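What follows is the residue order along each chain.
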Amino acid sequence: MTSTRDTRDAGGAAAMATAVPGWAVVSSLVLSVLGLLDAAYLTFEHYTSSSTLACSESATVNCLKVTTSSYADIVGIPVALFGLAYFVAMVLLCLPAAWRRRELRALRLVAVVVGVLSVLYLVWVELYQVNAICLYCTGVHVVTFLLFVVVALAAAFAEPTTER
């Protein structure tokens, strides 16, 4: 299953389009929705003072310690809110209609690269600055990495086609 777009110039001539593997469209949307749900939960917890955060409070796994640390905000904006905004954007960029728009391909790739670089920073913060990990944050990190893999593989396996 592939996703293509009929790209015709003003004169009606066929132009190059890209066939994207169907598995990439489906899996990227599923991952984006999962990330959105996890980020929404973390954002909710941030704004409710983490009163219902269901997570262990051991020495290593301590969601409350991570989500209330000084690193939980960047320039006064909660990291969870950044994650929520990221996944809202990724859901939109991973809709089947968005995969058919060739001009969104570079934006989708840039977005997943920014996402995975952010995850690397946040994992470093958890491990070396806060000295605790949050299971919900780890869920976001894993989803972001998998989304990066799917979008990168989709770009690599995309087949140029000529539509008439």
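Residues numbered from 1 in each chain as written. Predicted model: local features only at pLDDT ≥ 70, side-chain atom pairs only at ≥ 80, totals over all residues. Heavy atoms only, no water.

The subject of this paragraph is the confidence of the model for the protein chain. With 84% of its residues at a pLDDT of at least 70, the protein chain reaches an overall mean of 85. No element of the protein chain has a lower mean pLDDT than strand β1 (residues 2-3), at 47, and none a higher one than helix α3 (residues 79-93), at 97. For the stretch residues 1-16, pLDDT sits under 50, and the model shows 45 contacts to residues farther than four places along the chain or on other chains. (pLDDT = per-residue confidence, 0-100. Helix = DSSP H or I, 4+ residues; strand = E, 2+ residues; numbered from the N terminus. Contact = heavy atoms within 4.5 Å.)

The end-to-end C-alpha distance of helix α1 (residues 22-47) is 38 Å, a good match for the 38 Å that 26 residues give at a rise of 1.5 Å each. Taken from the residues just after α1, S49 is the one with a positive phi, measuring 60°. (Expected span 1.5 Å × (residues − 1).)

This part covers the packing of α3 against helix α6 (residues 135-157). Where α3 meets α6, the axes come as close as 13 Å, and the angle between the chain directions of the two elements is 30°. Taken as a pair, α3 and α6 cross one another with a handedness that is left-handed. Only V140, V143, T144 and L147 of α6 make contact with α3, whose side of the interface consists of Y86, F87 and M90. Looking at the contact of α3 with α6, its residues break down into six nonpolar, one polar and no charged. (Axes fitted to C-alpha atoms, helices over the stretch in contact; angles between N-to-C directions. Left-handed = near helix turned anticlockwise from the far one by under 90°. Nonpolar A, V, L, I, M, F, W, Y, C, P; charged D, E, K, R; others polar.)

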